[in-house]
Amino acid sequence: MQILIKGARVLDPGSIDEKKDVLIDGGKIAAILDPSDALPSGAVSSGALPPGADPQDTADMQVINAAGLVLVPGLMDIHVHLREPGHEYKETITSGLAAAAKGGFTAVCAMPNTVPVNDNAQVTRFILEKARLAKGARVYPVGAVSKGSAGTNLAEIQDMQQAGIKAVTDDGLPVANAQLMRRALEYCNGLSMPVFVHAEELSLVNNGAMNEGPAATFWGIKGIPNAAETVMVARDILLSQLTGAHVHFCHISCKESIAAIRSAKQQGIRVTCETAPHYFTLIDADVKDYDTNFKMNPPLRSKEDRDAVIQGLADGTIDAIASDHAPHSKEEKDLEFDQAAFGIVGLETSLPLSLHLVHSGALTLEELIRKMAKNPARILGINNDITPGSRADLTLIDLDEKITIDPAQFVSKSRNTPYGGMAVRGRAVCTMVGGQIVFSALKG
Ligand code: DOR
Ligand code: ZN
Ligand code: ZN
């Protein structure tokens, strides 16, 4: 079956930004055509498409009228907790990959803090097999750094790489032991894989539950200082410099970390980083009435930190936007603030929240697509281009549709979001993985 996407603004940062028709055949991009071009020979409906006519679908070709929409390389969310195996009541691979597809993502990285932890090839293969059956977004599993993410012995990293992991991390927990981190970096450098860093110095967190500052004092909640993050960012910049390995910092939330990463990049140290939409849309002063939907790790920071995150996105210090989709049940969230689980869902809100950066003029659309599609792929060492011969992993975006975020409509199994009721503009209207439509809200 062929698919013809007609009349979209085709935007692949660094290569194309033009109104084009895109023909998909056999799961791949077959041709990128000027809207007036005849279809290439071999395309089934060539004779049946008079110029200007809106062709009807035939048995062999589906035509998508994408006028007014933007076609971009498939969005990739490199930080997602799918919860399976072990916590299927929060999310399953199937529900998580459906939520990803609905959010416009053609691929996600699955964090290894499942039960059991993804610290061996058997768990990696289980995740990939479930994902294959799910028919949503693709999954790129991320393996653990240490066995059981216990921080003592390295996990079976090479075995997992042969099974399909694209990176390692003990996310949810820091790798507290610097020597183990050094060994992990040396080992992964030899395997050409990045190490994803959950930067947190637990002795400074000291059981805090929100950002240290006036808001925490007001609510009587124990605070977490910025330094709890930046101390570890600084350590792992130095270890990247020592080993030459690629360190990728997860969910960067504060100004000191961004300054450290900016300076490391200027020195040519091999670091990349991501932030999450909550760190550029919310601040600690938004935490109200002990609403645990505002509780995540790292916590929402000050206004100055949020502004530094936006600046870091604009100047290229922050490479990627990832959701840190962290589904939890109602029971785990409906608790005292300090007792509730850390984390919020993000797959179905990430793109609309991030598009706000474009509507407000903080980023161009091209820059945003770099951070949500191109750089995530680059960090993982995967191609994600709109060129003939590439696999057809594509997202169609309506930049202007006005929507109100409604957690009751989520296809994720969990509802823990602080964004319920918020008005946003723009969303994905069609998501295609390997030439298969895995989500569509197209009319007609
Ligand atoms: O908010 C968070 N939730 N931060 C983490 O580091 C872990 C994650 C989770 O697994 O729930
Ligand atoms: Zn984390
Ligand atoms: Zn995480």
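Quick caveat: nothing in here was measured; it's all calculated off a predicted structure.

A.B. asks: Sorry, what's going on with the overall build of the protein here?
C.D. replies: Within the protein one finds 13 helices and 18 strands. Whereas a compact globule of 444 residues would reach a radius of gyration of roughly 22 Å, the protein reaches 22 Å, a difference of no more than 12%. By principal-axis analysis of the C-alpha atoms, the protein measures approximately 70 × 45 × 45 Å. The 444 residues of the protein split such that 59% are buried. For the protein, the exposed area adds up to about 17,200 Å²; of that, 50% sits on carbon and sulfur atoms.

A.B. asks: Would you mind going over the site of ligand 1 with me for this structure?
C.D. replies: Taken together, the residues surrounding ligand 1 are His81, Arg83, Asn113, Gly172, His198, Met296, Asn297, Asp324, Ala326, His328, Phe342 and Gly343. Arg83 places a side-chain nitrogen or oxygen 2.8 Å from an oxygen atom of ligand 1. Phe342 is positioned with one of its backbone polar atoms (N or O) 3.2 Å from a nitrogen atom of ligand 1. When ligand 1 sits alone it has 280 Å² of accessible area, and the protein chains cover 92% of it. Taken together, the residues of the shell around ligand 1 sort by class into 3 nonpolar, 7 polar and 2 charged.

A.B. asks: Which parts of the structure should I look at to understand unusual backbone geometry?
C.D. replies: Backbone geometry follows two general trends: most residues other than glycine have a negative phi, and most peptide bonds adopt the trans configuration. Cis geometry marks the peptide bond from Glu84 to Pro85, where omega comes out at 5°. Relative to the helices and strands, Pro85 is located in the loop between β6 (75–80) and α1 (93–102). Cis geometry marks the peptide bond from Asn297 to Pro298; its omega dihedral reads 0°. The residue Lys135 is not glycine, and still its phi comes out positive at about 55°. Note on placement: Lys135 falls in the loop between α2 (121–134) and β8 (138–143). With a relative accessible area of 64%, Lys135 lands in the exposed category. The phi dihedral of His251 falls on the positive side, at around 30°, and the residue is not glycine. Summarising the element assignment, His251 is placed in the loop between β13 (247–249) and α8 (255–266).

A.B. asks: Hey, could you run me through the coordination of the zinc ion (ligand 3) in this one?
C.D. replies: Note on metal geometry: ideal angles are 109.5 degrees for four donors arranged tetrahedrally and 90 or 180 degrees for six donors arranged octahedrally. The protein atoms donating to the zinc ion (ligand 3) are His79 (NE2), His81 (NE2), Asp171 (OD) and Asp324 (OD), with metal-donor distances spanning 2.0 to 2.3 Å. Considering all 4 donor atoms around the zinc ion (ligand 3), angles at the metal cover 85 to 172° and the coordination shape is irregular. Here the donor residues of the zinc ion (ligand 3) share one chain and are spaced in sequence as H-x1-H-x89-D-x152-D. Between the zinc ion (ligand 3) and the zinc ion (ligand 2), the interatomic distance is 3.5 Å, and Asp171 donates to each metal, bridging them. With His79 in strand β6 and Asp171 in the loop between β9 (167–168) and α4 (178–190), this pair connects stretches of sequence that are 92 residues apart. Given the relative accessible area of 0%, His79 is considered buried.

A.B. asks: Which parts of the structure should I look at to understand the environment of Ala320?
C.D. replies: Within the secondary structure, Ala320 sits in strand β15 (residues 320–321). On the accessibility criterion, Ala320 (0% relative accessible area) is buried. Separated by 54 residues in the primary sequence, Ala320 and Lys374 place their C-alpha atoms 8.7 Å from one another. Beyond its immediate stretch of four places on either side in the chain, Ala320 contacts Ile78, Cys273, Glu274, Thr275, Lys371, Pro376 and Ile379.

A.B. asks: Explain the coordination of the zinc ion (ligand 2) here, please?
C.D. replies: At 1.9 to 2.1 Å from the zinc ion (ligand 2) lie its protein donor atoms, namely Asp171 (OD), His198 (ND1) and His251 (NE2). One can describe the site at the zinc ion (ligand 2) as irregular: its 4 donor atoms subtend angles covering 83 to 124° at the metal. Donor residues binding the zinc ion (ligand 2) come from one chain and are separated in sequence as D-x26-H-x52-H. On the accessibility criterion, His251 (2% relative accessible area) is buried.

A.B. asks: Please explain the pattern of salt bridges as it appears in this structure.
C.D. replies: Proximity of charged atoms lets side chains of opposite charge pair with each other. The full count for this structure, using the stated rule, is 25 salt bridges. Here Arg138 and Asp393 are joined by a salt bridge, their closest N and O atoms 2.6 Å apart. You can see Arg138 sitting in strand β8 and its partner Asp393 sitting in the loop between α13 (365–380) and β16 (394–404), a full 255 residues away along the chain. Take Arg138: its relative accessible area is 23%, and that puts it in the partly exposed class. Given a relative accessible area of 6%, Asp393 falls into the buried group. Here Glu401 and Arg427 are joined by a salt bridge, their closest N and O atoms 3.1 Å apart. One end of the pair, Glu401, is in strand β16; the other, Arg427, is in strand β17 (residues 423–433), and 26 residues separate them in sequence. Through salt bridges that share partners, Asp12, Lys374 and Asp385 make up one connected network.

A.B. asks: I would appreciate a short explanation of helix α10 (residues 303–314) in the present structure.
C.D. replies: Within an α-helix, residues lying three or four positions from one another point in the same direction, as the helix has 3.6 residues per turn. Between its terminal C-alpha atoms α10 stretches 17 Å, which fits the 16 Å expected from 12 residues at 1.5 Å a residue. Here α10 has its buried residues at Asp305, Ala308, Val309, Gly312 and Leu313. Seen from one end, α10 has its buried residues packed into an arc of 140°, which puts them on one side. Directly after α10, the chain includes Gly316, whose backbone phi takes a positive value near 90°.

A.B. asks: When you look at the nonpolar core in this model, what are you seeing that I'm missing?
C.D. replies: For soluble globular proteins, nonpolar side chains are generally found buried alongside one another. Ranked by internal contacts, the top residues of the largest apolar core, which has 91 residues, are Leu97, Val108 and Phe249. In this view, Val108 contacts Asp77, Val80, Leu82, Leu97, Ala100, Arg138, Val139, Tyr140 and Leu347; residues no more than four positions away in its chain are not counted.

A.B. asks: Before we go on, may I ask you to explain the packing of aromatic side chains in this structure?
C.D. replies: With the rule as written, the count across this model stands at 2 aromatic pairs. Arranged with centres 5.0 Å apart and planes meeting at 90°, the rings of Phe218 and Trp219 form a pair that is edge-to-face. Here Phe218 falls in the exposed class, since its relative accessible area comes to 64%. Both rings, one in Trp219 and one in Tyr290, keep their centres 5.1 Å apart while their planes meet at 75°; by these two values the pair is edge-to-face. In this pair, Trp219 is assigned in helix α6 (residues 214–219) and Tyr290 in the loop between α9 (277–281) and α10, connecting sequence segments 71 residues apart. Its relative accessible area of 16% is what places Trp219 among the buried residues. The exposure class of Tyr290 is partly exposed, given its relative accessible area of 42%. Taken together through their ring pairs, the aromatic side chains of Phe218, Trp219 and Tyr290 make up a single cluster.

Calculation criteria
Residues numbered from 1 in each chain as written. Chains lettered and ligands numbered in written order. Predicted model: local features only at pLDDT ≥ 70, side-chain atom pairs only at ≥ 80, totals over all residues. Heavy atoms only, no water. Helix = DSSP H or I, 4+ residues; strand = E, 2+ residues; numbered from the N terminus. Rg over C-alpha atoms; globule rule 2.2 N^0.38 Å. Buried < 20%, exposed > 50% of the residue type's maximum accessible area, 1.4 Å probe, protein only. Areas by Shrake-Rupley, 256 points an atom, 1.4 Å probe, with all protein chains shown as cover. Near = heavy atom within 4 Å. Polar contact = N/O pair within 3.5 Å; in protein donor to acceptor, adjacent residues only side chain to side chain. Nonpolar A, V, L, I, M, F, W, Y, C, P; charged D, E, K, R; others polar. Donors = N, O, S within 2.8 Å, 3.2 Å for Na, K, Ca; no water. Tetrahedral: all angles 85-135°; square planar, octahedral: opposite > 155°, others 65-115°. Contact = heavy atoms within 4.5 Å. Salt bridge = Lys/Arg side-chain N within 4 Å of Asp/Glu carboxyl O. Expected span 1.5 Å × (residues − 1). Arc of directions from axis to C-beta. Core = buried A, V, L, I, M, F, W, Y, C linked by side-chain atoms within 4.5 Å. Phe/Tyr/Trp six-rings, centres within 6.5 Å; stacked < 30°, edge-to-face > 60°.

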